[in-house]
Amino acid sequence: MAGRINDDDVKAVRDAVPIDSVVSEYLQLRNAGGGNLKGLCPFHDEKSPSFQVSPSKGLFHCFGCQEGGDTIAFVMKIDHLSFSETVERLAAKAGITLRYEEGGYNPSHQRGERIRLIEAHQAAAEFYVRALESPEAEIGRTFLAERGFDQDAAAHFRVGYSPAGWDHLTRYLRGKGFSDKELITSGLSQDGRRGPIDRFRGRLMWPISDTAGDIVGFGARKLRDDDNGPKYLNTPETPIYKKSQVLYGIDLAKKDIAKASRAVVVEGYTDVMACHLAGVTTAIATCGTAFGNDHIKILRRLLMDNGSARVIFTFDGDAAGQKAALRAFEDDQKFAAETYIAIAPDGMDPCDLRLVKGDDSVRDLVEPRTPLFEFALRQIVGRYDLETPAGRAAALDEAAAVVAKIKTSSVQREVAVQLAGLVGILDQEFVVRRVAQLARWARDKGGDHGERGGRGGPQGARGPRGGAPPYAAVRQCIEEAGGAEQGVVDDRAYLGAVLDAAPDNTVRNLVTELAVEVFHGKSIDETYAGMHLVHVRLRAVDRRIADVQSSLARLGTNVAPQDLAAAQNEVWVLQQYAQTLRAHGAAAL
């Protein structure tokens, strides 16, 4: 093992690397007054910044989680490094050669694991970049050129090529002093029959860096038909690479993301390249996984969740892209930023769009227009036949449960009103109440949105076609109590059995509410029957009027003049008939 790092060298490292410059690699810092800077703490989730940095003192402290210390302590905690690994990393950044108390300069094979793995990746990236210039890599250069990327673009993004042989990189890194264990651990090599072989062979290579700019992995694109592997092959999970915690392009985009309070999330490496080259330098992409919680945390620290922050998702227009957008909407509430979706004409991705229509079209694409929630709700509602009452009810049932997840009540109400318009329900307050009811159930159940099959309602809910979730839950309770034929509502034993079957207080309260509802019973005679026939006919007329008006509301200004006139005439006739029924009762039937 290497000896203890010289104390003077540790002090030199600490003094040479300003704490604010190091912290700024991971989160956005703003003036906090008194010479301090503030930002969202990277060590715990928070909505407002309680993390402060004092450049003059070289210290940080979070008033929320109480984490604090100097530059070395910050790097140790955020990158999970040992003390010596951290000092070595910062020394390399500052260009300081370290001395060790028990034997001079630290040999490379004795350095910390993370440092060694990062150095291996850096060496591999340089190897791949040089290999892109070889005759064998012509297929890779052609691939890039066909997508509008010249040599300068490839150099800017450090795109490279992995030779098609079995162990070109492995032998190169062995010559640099890396052990077979290090090569396997890094994910750059894998076990073969006679020892380590290259993991990536005959592919175009994109280096993936963490927020600090260290290369921690690679994304590799298949180029040849005889390559039986997947289209894209990424570095496996390693001590320094976790795909759920990395964003491609974040090292290039982080400063502009912080400066503009905007981030553009695209789907692939070439999309990031296309966006940056078109002037959209806030573009980043996930690496072979869905956009998730850890990615949100990275962006939140850079955006700092201020009121003007924007996140724009540019998913493909195909089914997979739409599914990805819906997944992103599930996590939308974890952003304080406003989220939008951008889908190019003909479903083109940013790379194709730039190639076909130029840089201006890419810049225009990512201008915030369609809120993510609106897109998500349209995707849900679009699966149902809104021309029928059953279809509208089913669409409302599913979409309302999604809107109920919005935590801010004012935003929730606003979206609920828009949902009413999307579904074609004129009674906006009904939709608002429905959403608020589902939100209350979710809170009462500790955030459980119906794991037994319901969408946002009590546990007995059966989904959109089984009736509204609360009443479906009550129906289930009645079935478990033996069915409606087992008793009447005023039968205490029967009512007790129904209440005992209720899964929670929310359903139990609804059972009680229904039980105490006054029942207006009468003897069935001709007058009574006529009254109810009029009531049924009026409901049918009112429903038809609502259907026609709902269709007009959805069509808006797109309805043809003759169709508008016919619809308005039908509504007028129905309204006259309804007035007659109300005035003359059964005689008007």
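These remarks concern the structure in this document. (Residues numbered from 1 in each chain as written. Predicted model: local features only at pLDDT ≥ 70, side-chain atom pairs only at ≥ 80, totals over all residues. Heavy atoms only, no water.)

**What to know about the environment of Thr 527**
Next, step 1: With respect to the helices and strands, Thr 527 occurs in helix α23 (residues 526-555).
Next, step 2: Once the C-alpha coordinates of Thr 527 and Ala 586 are considered, the two residues, 59 residues apart in sequence, prove to be 8.3 Å apart. (Helix = DSSP H or I, 4+ residues; strand = E, 2+ residues; numbered from the N terminus.)

**Topic: the packing of aromatic side chains**
Next, step 1: Counted by the stated rule, this structure contains 14 aromatic pairs.
Next, step 2: Each ring, one from Phe 43 and one from Phe 51, has its centre 6.4 Å from the other, and the planes form 65°; the classification is edge-to-face.
Next, step 3: Overall, the relative accessible area of 0% leaves Phe 51 in the buried class.
Next, step 4: Both rings, one in Phe 51 and one in Phe 60, keep their centres 5.5 Å apart while their planes meet at 25°; by these two values the pair is stacked. Comparing Phe 51 with Phe 60 shows no difference in burial state: the two are buried.
Next, step 5: Each member of the aromatic cluster is reached from another via a ring pair, and the members are Tyr 26, Phe 43, Phe 51, Phe 60 and Phe 74.
Next, step 6: For the cation-ring pair, Lys 77 lies above Phe 43, with the distance from its terminal atom to the ring centre recorded as 5.3 Å.
Next, step 7: The ring centre of Phe 143 lies 3.5 Å from the NZ or CZ of Arg 147, which sits over that ring. (Phe/Tyr/Trp six-rings, centres within 6.5 Å; stacked < 30°, edge-to-face > 60°. Buried < 20%, exposed > 50% of the residue type's maximum accessible area, 1.4 Å probe, protein only. Lys NZ or Arg CZ within 6 Å of the ring centre and 35° of its normal.)

**Regarding the pairing of strand β1 (residues 30-33)**
Next, step 1: In this sheet, strand β2 (residues 36-39) lies alongside β1 in antiparallel orientation, the contact comprising 3 bridges. Within β2, the residue paired with Arg 30 across the bridge is Lys 38.
Next, step 2: Here β1 hands over to β2 after 2 residues, with Gly 34 in that stretch at a positive phi of 65°. (Pairing = 2+ DSSP bridges.)

**Considering the layout of surface pockets**
Next, step 1: Its volume calculated, the largest pocket comes out at about 790 Å³.
Next, step 2: Looking at the largest pocket, it is lined by 30 residues, and the ones nearest its centre are Ile 78, Asp 79, His 80, Gln 245 and Arg 301.
Next, step 3: A total of 5 residues in the lining of the largest pocket trace back to one element, the largest contributor, which is helix α12 (residues 293-303).
Next, step 4: The residue inventory of the lining of the largest pocket, partitioned by class, reads 13 nonpolar, 4 polar and 13 charged. (1 Å grid on protein atoms, 1.4 Å probe; cavity = no way out; pocket = protein on both sides within 12 Å on 5 of 7 lines; lining within 4 Å. Points joined across faces, edges and corners; volume = space filled by probe spheres on them. Nonpolar A, V, L, I, M, F, W, Y, C, P; charged D, E, K, R; others polar.)

**Comments concerning the pattern of salt bridges**
Opposite charge on two side chains permits pairing when their charged atoms draw close.
Next, step 1: Applying the stated criterion to the full structure yields 27 salt bridges.
Next, step 2: For Arg 174, the salt bridge identified is with Asp 180, shortest N-O distance 2.8 Å.
Next, step 3: Take Arg 174: its relative accessible area is 37%, and that puts it in the partly exposed class.
Next, step 4: One salt bridge connects Asp 397 with Arg 434, and the closest N-O pair in it is separated by 2.7 Å. On the criterion of sequence distance, the pair formed by Asp 397 in helix α17 (residues 389-403) and Arg 434 in helix α19 (residues 428-444) is long-range, its members being 37 residues apart. Here Asp 397 matches Arg 434 in class, with each residue buried.
Next, step 5: The network of salt bridges with shared partners includes Arg 116, Glu 119 and Glu 182. (Salt bridge = Lys/Arg side-chain N within 4 Å of Asp/Glu carboxyl O.)

**Examining the packing of helix α3 (residues 71-79) against helix α4 (residues 83-94)**
Next, step 1: Relative to each other, α3 and α4 sit at 110°, their axes nearing to 9 Å. Accordingly, the angle class assigned to the pair α3 and α4 is roughly perpendicular. For the pair α3 and α4, the crossing hand works out as right-handed. Seen from α3, the contacting residues are Thr 71, Ile 72, Val 75, Met 76 and Asp 79; seen from α4, they are Phe 83, Thr 86, Val 87, Arg 89 and Leu 90. (Axes fitted to C-alpha atoms, helices over the stretch in contact; angles between N-to-C directions. Parallel < 35°, antiparallel > 145°, perpendicular 65-115°, else oblique. Left-handed = near helix turned anticlockwise from the far one by under 90°. Contact = heavy atoms within 4.5 Å.)

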